[in-house]
Amino acid sequence: MPVKSGLKWSDVTPRSVWMNRRALMIGAGSALVAGPALARIDAAPSRYSTDETPNTLEEISSYNNFYEFGFDKGDPARNAGGLTIDPWSVTVDGLVDRPGNYNLGDLIKDAPLEERIYRFRCVEAWSMVIPWIGFELSHILAKVGVQPGARYVAFETLLRPSEMPGQQRDNFPWPYVEGLRLDEAMHPLTIMATGLYGDELPRQNGAPMRLVVPWKYGFKSIKSIVRISLTAEQPPTTWNKLQPSEYGFYANVNPGVDHPRWSQASERRVGGGFLAPRIDTQMFNGYGEEVAHLYAGQDLTVDF
Amino acid sequence: MDRVNALLRRLPVGAVYLAGVLPFVWTFGRGLTGGLGVDPVKALEQALGLYALQFLVAVLAVTPLRRHLGLNLLRFRRALGVLAFLYMALHLLVWVTLDLQFRWAEIGADLVKRPHIVVGMAAFLLALPLALTSNDAALRRLGGLAWRRLHRLTYVVLPLGAIHFVMLSKTWALEPLAYLAAAILLLVLRLNPRRAAA
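Everything numeric here is computed off the predicted structure, so don't read it as measured data.

**Some words on the overall build of chain A**
Looking only at helices and strands, chain A has nine helices and twelve strands in total. Burial statistics for chain A: of 304 residues in total, 58% are counted as buried. Approximately 12,100 Å² of chain A is accessible, and the part contributed by carbon and sulfur atoms is 54%.

This is the structure in structure tokens:
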């Protein structure tokens, strides 16, 4: 079901964001880099946002694990500029009522954008606070119609070595794949992010659309998504394939379950230079009240 | 090579010490001014560990360079060794202070449970007596033979440091393996049976 509507991806950027951006360009454009997000963004606020101070745009967009653009955390910011994100199509397949090759703009045009200020905890024991703009993944799933047999959602990142220099090396099983259990995918905290700090998502952060699952380690939040598949069986996930003893399918943030090579009891909150504080890591990254019930009866030291 | 060696004889050892601390001053300064990116603690910690490995490689390269190329750096070997230890100590210090921020329970757990930290700490502890005896008084007190035997611990310290680096990488990256290869090469070059005592 190929769809061609003439709608471009940029057409779905909400007017408020465009206006906001114009105001910024007229005013002191650099203020965006330094200031907290709250005051300038018109995307609907969310009760799920933390009131912690967000990291700066510079911090969020210059320190990225996005191996498609290189292994160093500075590589994505250096190498992602040439990625073509418009046009962008997303294949939806598997156990859905309306499978197809969707233009991104068509797929998400009805989804209400919200600002979600989430804690983001990397499995490497650093963390940030990030003001995403996005919508709940459940909107896409409702649009394509999940069939009764579906129990998991699988995601796939773009494979385009010509624009993703990291993919020109064959020491990594490209394309990157991730997955969620259907109840995790349907949870209101689980969003597809298309923006950041009142603007479109920077390429190095996973433009044009990435997953954000705030109670899981960052590697679950797959970037630059081109395929969403509903499956009956648990889908393979990249880091789990690479090191099954170190990276489980669930990858819930859990200070009580160490990574085999380092402790997960605490994390360094990026920001503040040499004096960046180390803070205690919270169970489910502090979202336990919302998500702990999803894992009732599961032994999280086994299902790590 | 004789002319190079003649020039090197005129270079005061103090200059090597001075040049040797510059990477630390440079890296720390860049961290203070934002040049190390948004996570300068990790960057400084990793840079200090890398400098320690590089100085260790330099220490163990002195003998093969003299034997195979005739380049005589013997006068500077002690300075290179002391600098290697300095960077190991700074690496450890940054880990305890800026990175783990004196969370002794976590530090203690890491020292027992994390193989790469056990290996790194072992390298540091083995290097400690070498640093303490890197002076003429200690050399006289121990006597040349015992001193040389003790300082063969360097043959263990460098591979441990390289293994520490390989173990903490998330994937099989090239750089840590290059240090491990250098360590193995520098040890193999010493396996000449006719000169086993060198």
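**Re the UniProt feature "domain: Ferric oxidoreductase" (unreviewed entry) in chain B**
Mapped onto this structure's residue numbering, the UniProt feature "domain: Ferric oxidoreductase" (unreviewed entry) falls at residues 49-161 of chain B. This span, residues 49-161 of chain B, is 84% helix and 0% strand, and a straight line between its end C-alpha atoms measures 9 Å.

**So, the UniProt feature "binding site: Mo-molybdopterin" (unreviewed entry) in chain A**
Residues and elements named next belong to chain A. If you check UniProt for "binding site: Mo-molybdopterin" (unreviewed entry), the listed places come out as Asn64, Tyr67, Glu68, Cys122, Thr157, Asn205, Arg210, Ser221, Ile222 and Lys223 in our numbering. Along the chain, asparagine 64 falls in the loop between helix H3 (57-62) and helix H4 (75-79). Given the relative accessible area of 4%, asparagine 64 is considered buried. Among all residues touching asparagine 64, those that are not within four sequence positions of it are Asp72, Lys73, Pro76, Gln204 and Asn205.

**With respect to the packing of helix H3 (residues 40-69) of chain B against helix H4 (residues 77-99) of chain B**
Residue and element names in this part refer to chain B. At a minimum axis distance of 8 Å, the contact between H3 and H4 shows a crossing angle of 160°. Between H3 and H4, the angle is such that the two are roughly antiparallel. For the element pair H3 and H4, the recorded crossing hand is left-handed. For the contact of H3 with H4, the class distribution of residues is 19 nonpolar, four polar and four charged.

**Some thoughts on the pairing of strand S6 (residues 177-181) of chain A**
Along a regular strand, successive side chains alternate from one face of the sheet to the other. Residues and elements named next belong to chain A. Taken across its five residues, S6 has five buried, putting it largely inside the fold. Residues Val177, Gly179 and Arg181 line one face of S6 and the alternating positions Glu178 and Leu180 line the opposite face, and both faces are buried. Across five bridges, the pairing between strand S5 (residues 152-157) and S6 is antiparallel. The residue bridging glutamate 156 from the neighbouring strand is valine 177, located in S6.

Basis of the calculations
- Residues numbered from 1 in each chain as written.
- Chains lettered and ligands numbered in written order.
- Predicted model: local features only at pLDDT ≥ 70, side-chain atom pairs only at ≥ 80, totals over all residues.
- Heavy atoms only, no water.
- Helix = DSSP H or I, 4+ residues; strand = E, 2+ residues; numbered from the N terminus.
- Buried < 20%, exposed > 50% of the residue type's maximum accessible area, 1.4 Å probe, protein only.
- Areas by Shrake-Rupley, 256 points an atom, 1.4 Å probe, with all protein chains shown as cover.
- UniProt positions renumbered as here; feature names shortened; annotations may be inferred.
- Contact = heavy atoms within 4.5 Å.
- Axes fitted to C-alpha atoms, helices over the stretch in contact; angles between N-to-C directions.
- Parallel < 35°, antiparallel > 145°, perpendicular 65-115°, else oblique.
- Left-handed = near helix turned anticlockwise from the far one by under 90°.
- Nonpolar A, V, L, I, M, F, W, Y, C, P; charged D, E, K, R; others polar.
- Pairing = 2+ DSSP bridges.

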